[in-house]
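Take a look at the letters that make up each chain.
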Amino acid sequence: MAEHLGTLVRTHTCGALRGEDVGKDVVLLGWVHRIRDLGGVTFLDIRDRAGVSQAVVRENDALMTIAKRLRSEFVVGISGVVQRRSPDTVNAKLATGEIEVLVREIRLLNEAKTPPFQIADDGPVSEDVRLKYRYLDLRRPRLQHNIGLRHRVSIAIRKYFDENGFWEIETPILAKSTPEGARDFLVPSRVHPGEFYALPQSPQIFKQLLMIAGTDRYFQIVRCFRDEDQRADRQLEFTQVDVEVSFAQPETIYGLIEPLMPKIFKAIGAEVTLPIRRISYADAIARYGSDKPDLRCGMEIHDLSDVFRDSEFRVFKQIVADGGAVRGFAVKAGNDYSRSRLDAIVDQAKALGFTGLIWVRPGEPPLSSVKALGEAVLRPALDRVGASKGDLLLMAAGPADHTSKLLGQLRLQIAQKENLLNPEQFEFLWVTDFPLLEYSAEDNRWYSMHHPFTSPHDEDWDKLESQPGEVRAKAYDLVLNGSEIGGGSIRIHDADLQARIFSRLGITEEDAKLRFGFFLEALEYGTPPHGGIALGLDRIVAILAGESSIREVIAFPKTASAVDLMATAPSTVDAKQLRELHIRIQT
């Protein structure tokens, strides 16, 4: 039977005791981590979030009787005196390994059922079981570390923005649905039948309104909601560090965010090299086949079109003549690949959508998978990509961007296969000058690549109606190790320009007023130029923790099928609730 805590007051956490504490009377409160009953002596490892301390029960029948009742995960309080362990029993793996607590009192505060998996270690457990018993999973060392890391990162972010003159302001969770992009989560109104709130996909409009309100510098660590398919780096609800600044240029945002990164990465003792490199969207696609390139593995894609423009290899020559491109990259140490490995890479390429992939081994003369290619074109191609004698050249041809994107996917697959992506290496990159709009042939209309409040480059305004696909946005993404960890832009602060953008997107004046009327009116009351960024806190912490899924750094995540296995949500609700909300379920 459980006892009361009574007057028992913790003096130290279970990870705090050291050699200098020998002789002190202490009280530890926590969970039984492990028990070792050696007959005349019983060792108890007591755990809380700070660590583990060893307690020992000796030559005390009453205490022995209590100790024998204990099991792993029972909640206990112990009092006793700190003593030094004998030299042969010191545990160098524990911060508290020099000492132990000689127990004078044990208080059993609560019993526990046998857990469905081991708490004391991070052995493999199916994710469904872990998520069903998330409150137990959170006791394990891995998640204790991850959640603690997330806390330290959040504190560092808040401190940084406070020191730089920002105000943290909460924006509404129940807001207006303005569908553009991902699907909204809708919340029915009980007092306004047939009308709905939406959970915010981001505080975008509200943070712009705060700039109109003269707030000048705003930030918020905020929950956002998107009703979209789940992936390793996405959840229905997620957390972002939201930032907005008045009178901002892109350089303003770069100058604010770059110094923040070393403060965040200090949480794991890692250094960040500043300034962060920059690359345009067009160059990122051409050189890495991605708008969020992973720079850790090198293997930059090069344009080889001019090498083959006048070559005797008719296939490549014709593709270049028709406006396509020949592109390729060097695989470091790839010259050692066996023929079966090369065949496997070609098969990978075909699975990605390549019509063909050519490999070239440097040598005297170079050896190619296509015999028609002679040294006259292979040698310049090898030189262009910077291939050394031990490397391997991979080449493909077709429409320029399409070819680069396919090579970009192949590049990453090879890097993963060859373990070229060091998780302890952190390569940041700003990707800038995104296209403002992207065309959907399926819908026969233009969409915003980011959101409809993104400002175009000043010199591209004249192209909005005539050449919309060539208009560049004052938009920028912060990329880390192949993941987009932040995205932002300079916003439109001119009401007339905002109206032009809506028109270009096929949003009528009437529809714009219905969806954004309050915001469009606000723009007419002296809106300063402004811009900002949103950083993905979940993704940043996952990278810091070396996790491949953001579920490992969120206390209570959903599964890949958008289900909370622990709370069994979503779930049906009472018919009375539905009637109050004027909702009828149709099957």
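Residues numbered from 1 in each chain as written. Predicted model: local features only at pLDDT ≥ 70, side-chain atom pairs only at ≥ 80, totals over all residues. Heavy atoms only, no water.

1. Some details on the overall build of the protein chain
Heads up, the rule is: Each helix is a run of DSSP H or I of at least 4 residues and each strand a run of E of at least 2, with the numbering of both proceeding from the N terminus. A simple rule labels every residue: compare its accessible area, found with a 1.4 Å probe on the protein chains alone, to the largest value its type can have, and call it buried under 20%, exposed over 50%, or partly exposed in between. By definition in these notes, contact holds between two residues if any of their heavy atoms fall within 4.5 Å. In short, Shrake-Rupley with a 1.4 Å probe defines the accessible areas, and a residue's cover is counted only from the protein chains shown. For the purpose of charge, His is not counted, nor are the chain termini; Lys and Arg are scored as positive and Asp and Glu as negative. Here the site of a charge means atom NZ of a Lys, CZ of an Arg, CG of an Asp or CD of a Glu.
Secondary structure assignment for the protein chain yields 17 helices and 22 strands. Overall, the C-alpha framework of the protein chain stretches about 95 × 75 × 55 Å when taken along its three principal axes. Looking at the protein chain residue by residue over its 587 residues, the buried ones come to 48%. Relative to all contacts within the protein chain whose residues are 6 or more apart in sequence, the contacts with residues 24 or more apart total 67%. With an accessible surface of roughly 29400 Å², the protein chain has 51% of that area assigned to carbon and sulfur atoms. For the protein chain, the centre of its 74 positive side-chain charges and the centre of its 83 negative side-chain charges are spaced 5 Å apart.

2. Section: the packing of helix α5 (residues 204–212) against helix α15 (residues 509–523)
Packed helices, taken two at a time, are described by the angle between their axes plus the distance between the axes. Our working rule: An axis is simply a line fitted to the C-alpha atoms; with a helix, the fit covers only the stretch in contact. Between two such axes, the angle follows the N-to-C directions and lies from 0 to 180 degrees. Note that the term roughly parallel is reserved for angles under 35 degrees, roughly antiparallel for angles over 145, roughly perpendicular for angles of 65 to 115, and oblique for everything else. Put simply, a crossing is left-handed when the front helix is turned counterclockwise from the back one by less than a right angle, and right-handed when it is turned clockwise. Under the scheme applied here, ten amino acids are nonpolar (Ala, Val, Leu, Ile, Met, Phe, Trp, Tyr, Cys and Pro), four are charged (Asp, Glu, Lys and Arg), and all others, including Gly, are polar.
Put simply, α5 and α15 touch, their axes get as near as 10 Å, and they point 25° apart. With respect to their mutual orientation, α5 and α15 come out roughly parallel. When you trace α5 past α15, the crossing you get is left-handed. Two secondary-structure elements touch here, α5 through Ile205, Gln208, Leu209 and Ile212 and α15 through Phe516, Phe518, Phe519, Ala522 and Leu523. A class-by-class count of the residues in the contact of α5 with α15 yields eight nonpolar, one polar and no charged.

3. Some details on helix α16 (residues 537–545)
With nine of nine residues buried, α16 lies mostly within the body of the structure. Considered for burial, the residues of α16 that qualify are Leu537, Asp538, Arg539, Ile540, Val541, Ala542, Ile543, Leu544 and Ala545. Within two residues after α16, glycine 546 carries a phi angle of roughly 70°, on the positive side.

4. Describing the nonpolar core
What counts, and what does not: In this text, buried Ala, Val, Leu, Ile, Met, Phe, Trp, Tyr and Cys residues form a nonpolar core when linked through side-chain atoms within 4.5 Å.
With 43 residues, the main nonpolar core has Phe161, Met261 and Phe428 as its most contacted residues. For this core, the element with the highest residue contribution is α16, accounting for seven residues. The contact partners of phenylalanine 428, leaving out residues within four places of it in the chain, are Met261, Phe265, Val272, Ile276, Arg277, Leu295, Leu478, Val479, Leu480 and Ile485. In this structure, Ile212, Ile285, Leu464 and Ala473 belong to the second largest nonpolar core, which totals 32 residues.

5. Side note on the sheet that holds strand β6 (residues 167–168)
To keep things clear, this is the line we draw: In short, DSSP must find at least two bridges between two strands for them to pair.
Read from one edge to the other, the open sheet built from eight strands follows the order β6-β9-β10-β22-β21-β20-β17-β11, with strand pairing classed as mixed. Of all the strands in the sheet, just β6 and β11 (278–280) have a single pairing partner and so form its edges. As defined by bridge partners, strand β10 (residues 237–246) adjoins strand β22 (residues 530–536) across seven bridges and the pair is classed as antiparallel. Within β22, the residue paired with valine 243 across the bridge is isoleucine 533. This element, helix α4 (residues 141–163), spans β6, β9 (217–225) and β10 of the sheet and lies at about 150° to β9. Here α16 sits on the sheet and contacts β9, β10, β20 (475–480), β21 (483–490) and β22; the angle it forms with β22, its principal contact strand, is near 45°.

6. Some points on helix α13 (residues 400–417)
Put simply, the rule is: The span expected for a helix works out to 1.5 Å for each residue beyond the first.
When the terminal C-alpha atoms of α13 are compared, their 26 Å separation across 18 residues agrees well with the 26 Å that a helix rising 1.5 Å per residue should span. All buried positions along α13 are accounted for by Thr403, Ser404, Leu406, Leu407, Gly408, Leu410, Arg411, Ile414 and Ala415. Its buried side turned inward, α13 meets α8 (281–288), β13 (325–331), α11 (339–352) and β16 (392–398). Once α13 ends, the next one or two residues include asparagine 419, with phi positive near 55°.

7. Some thoughts on the pattern of salt bridges
Selection criterion: Criterion for a salt bridge: a side-chain nitrogen of Lys or Arg within 4 Å of a carboxyl oxygen of Asp or Glu.
As enumerated under the stated definition, the model contains 47 salt bridges in all. Between glutamate 552 and arginine 142 there is a salt bridge, with its nearest N and O atoms 3.7 Å apart. Of this pair, glutamate 552 sits in the loop between α16 and α17 (575–580) while arginine 142 is found in helix α4, placing the two residues 410 residues apart along the sequence. The residue glutamate 244 makes a salt bridge to arginine 491 at a minimum N-O spacing of 2.9 Å. Placement of the pair is glutamate 244 in strand β10 and arginine 491 in the loop between β21 and α14 (495–504), with a sequence separation of 247 residues. Classification of glutamate 244 as buried rests on a relative accessible area of 0%. Judged by its relative accessible area of 2%, arginine 491 is buried.

8. A word on the environment of proline 250
As for its position among the elements, proline 250 is in helix α6 (residues 250–257). Judged by its relative accessible area of 21%, proline 250 falls in the partly exposed class. For the pair proline 250 and aspartate 227, spaced 23 residues apart in sequence, the C-alpha to C-alpha distance is 30 Å. Setting aside residues up to four positions removed in sequence, proline 250 forms contacts with Tyr476 and Ile490.

9. Topic: the sheet that holds strand β1 (residues 25–37)
Ordered by their spatial adjacency, five strands build a closed barrel running β1-β2-β3-β5-β4, and the pairing between neighbours is mixed. Across the sheet, the mean angle from the axis of one strand to that of its neighbour is 55°, orientation sign disregarded. Pairing between strand β3 (residues 51–58) and strand β5 (residues 99–110): two bridges, direction parallel. Bridging across to β5, valine 56 finds its partner in leucine 102. Here helix α1 (residues 61–69) sits on the sheet and contacts β1, β2 (41–48), β3 and β5; the angle it forms with β5, its principal contact strand, is near 65°.

10. What to know about the environment of leucine 94
Note on placement: leucine 94 falls in the loop between β4 (75–84) and β5. Linking leucine 94 and aspartate 303, residues 209 residues apart in sequence, is a C-alpha distance of 55 Å. Residues in contact with leucine 94, not counting those within four places in the same chain, are Val52 and Arg85.

11. A few points about the packing of aromatic side chains
Working definition: an aromatic ring pair is given by the centre-to-centre distance plus the angle between the planes. Which entries qualify depends on this criterion: Pairing of aromatic side chains requires ring centres within 6.5 Å, counting the rings of Phe and Tyr and the six-membered ring of Trp. Pairs whose planes differ by under 30 degrees are stacked, by over 60 edge-to-face, and all others tilted.
Taken as a whole, this structure holds 17 aromatic pairs when the rule is applied. Here the aromatic rings of phenylalanine 161 and phenylalanine 166 are separated by 4.9 Å at their centres, their planes lie at 70°, and the arrangement is edge-to-face. Judged on exposure class, the residue phenylalanine 161 and its partner phenylalanine 166 are both buried. Between phenylalanine 265 and phenylalanine 426 the ring centres are 5.0 Å apart and the planes differ by 70°, which places this aromatic pair in the edge-to-face class.

By themselves, these figures tell us nothing about what the structure is for.
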